[in-house]
Amino acid sequence: MSTSLDLKLHAWQSAVDEALAHAMQSVDAHDTRLPEAMGYSLLGPAKRVRALFTLLVADTLGVASERAMVLAVAIEMVHASSLVFDDLPSMDDAKLRRGRDTNHRVYGEATAVLAGVGLMNEAFAHIAKAPGLTAPERNSLTGQLAHAIGTDGLVAGQEQDLHPRKTTSQQEALTHIETVHRRKTGILFALAAGGTASLADLQKVEHEAFVTFGMNLGLAFQTYDDLLDERADTALLGKDTGQDTTQPTFIKLLGVEATQQRARAYLEAAFAQVPAHMPRDGLVGQFVDRLIETMLSGRQSLTTGAAAPSADHGHG
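What you see is a predicted model; the values in this text were computed from it and never measured. (Residues numbered from 1 in each chain as written. Predicted model: local features only at pLDDT ≥ 70, side-chain atom pairs only at ≥ 80, totals over all residues. Heavy atoms only, no water.)

## Regarding unusual backbone geometry
Excluding glycine, a negative phi dihedral is what most residues carry, and trans is how most peptide bonds are arranged. Cut-off, in case you're wondering: Only DSSP runs of H or I with at least four residues qualify as helices, and only runs of E with at least two residues qualify as strands; both kinds are numbered from the N terminus onward. Think of it in three bands: with a 1.4 Å probe and only protein chains considered, a residue is buried below 20% of the maximum accessible area for its type, exposed above 50%, and partly exposed in between.
Of note, the phi angle at Arg48 is positive, near 60°, even though the residue is not glycine. Structurally, the position occupied by Arg48 is in the loop between α2 (34-42) and α3 (49-61). A relative accessible area of 1% means that Arg48 is categorised as buried. Positive phi, normally seen in glycine, also occurs at Asp201, with a value near 60°. In this fold, Asp201 is placed in the loop between α9 (170-199) and α10 (204-231).

## Details of the side chain of Asn103
Just so we agree on the cut-off: Whenever two N or O atoms come within 3.5 Å, that pair is a polar contact, provided that in protein one can donate a hydrogen and the other can accept it, and provided that, for residues adjacent in sequence, both atoms are side-chain atoms. Contact between two residues is taken to exist if any of their heavy atoms lie within 4.5 Å; hydrogens are not considered.
Here Asn103 lies in helix α5 (residues 103-107). Among the polar contacts made by the side chain of Asn103, one reaches the main-chain carbonyl oxygen of Ala37 at a distance of 2.9 Å. In this structure, Asn103 is in contact with Ala37, Tyr40, Ser41, Val84, Gly108 and Ala112, ignoring residues within four places of it in sequence.

## Some details on the nonpolar core
Applicable threshold: Buried residues of nine kinds, namely Ala, Val, Leu, Ile, Met, Phe, Trp, Tyr and Cys, make up a nonpolar core once their side-chain atoms join them within 4.5 Å.
Of all hydrophobic cores here, the largest spans 90 residues; its most connected members are Phe53, Phe210, Phe213 and Phe287. Top contributing element to this core by residue count: helix α4 (residues 65-87), with 13 residues. Residue contacts for Phe287: discarding those within four places in its chain leaves Leu5, Leu9, Val49, Leu52, Phe53, Leu56 and Leu302.

## Comments concerning the packing of α2 against helix α6 (residues 109-128)
The condition is simple: Angles here are taken between N-to-C directions and fall from 0 to 180 degrees, while the axes themselves are lines fitted to C-alpha atoms, restricted in helices to the stretch in contact. Here roughly perpendicular refers to angles of 65 to 115 degrees, roughly parallel to angles under 35, roughly antiparallel to angles over 145, and oblique to all remaining angles. Side-chain classes follow a simple rule in which Ala, Val, Leu, Ile, Met, Phe, Trp, Tyr, Cys and Pro form the nonpolar group, Asp, Glu, Lys and Arg form the charged group, and the remainder, Gly included, forms the polar group.
Running from amino to carboxyl end, α2 crosses α6 at an angle of 75°, the nearest separation of the two axes being 9 Å. Considering their axes alone, α2 and α6 lie roughly perpendicular with respect to each other. When α2 is examined against α6, the residues Leu34, Ala37, Met38 and Leu42 are found in contact with a partner set consisting of Thr111, Leu114, Ala115, Gly118, Leu119 and Glu122. Residues belonging to the contact of α2 with α6 are distributed by class as follows: seven nonpolar, two polar and one charged.

So, in structure tokens, the structure goes:
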């Protein structure tokens, strides 16, 4: 794999962790445990896949990393928030996340809910006060972030995941699964690519192509993650496994081989959207290949020879 990619990932992983820690330093909750609970889920060991993807797209499009970092931090905050909510007893009732006790098992359910809300709020605040962005750029990213969270994004996806509607055919069931994946996982990859494209001041049609590019990559990521969840154990993933035993999945409906083919088709569809900007053999393509290899091999680091953070898989 590319030495250039390794160098960038090493540098950006450290920069993202530093930016997240710096952002949390400004959180003032008046002597409550809230900042600690927020930091527990945001600052713990993680791959930072969505943030690194944001910075890679920015690098390819010539967007300054400090400008793209604003979006990367906001996305990581929203992602961490969504994991806190997903893990709650009223949702997935998970015990482990990223190799540690879930937030509500450490701080209690009420504080976990407030920490999730706090992280989501901080994501908007981080964009709103970013000095390196223009007012129109801040407005655009705020709108895109709200869309990603809302009734066609994370919130709707979680509701659909919790209460799937009855389907009368395999095609309806497959459509339901893909819709949940789009709203719970694909949407933040779409935000990473589309938001960064908006900072590059691309034309509307190009911006929409990047949104679709990110969405399809997110769908591929989630499909590969489901394949991994099917055969991996809790110690490997650092999270509860077997959470989807009563839910319809691609694997249950199609089998492993056809699910693998579906994941590859999502990747092909992604790179077909923006071939001029994102050649399949470019750095972003190498990053995607590295991510998939890391997931399927059980390695927990995206960089070669690096210390391995706890796994960061799954919806959200």
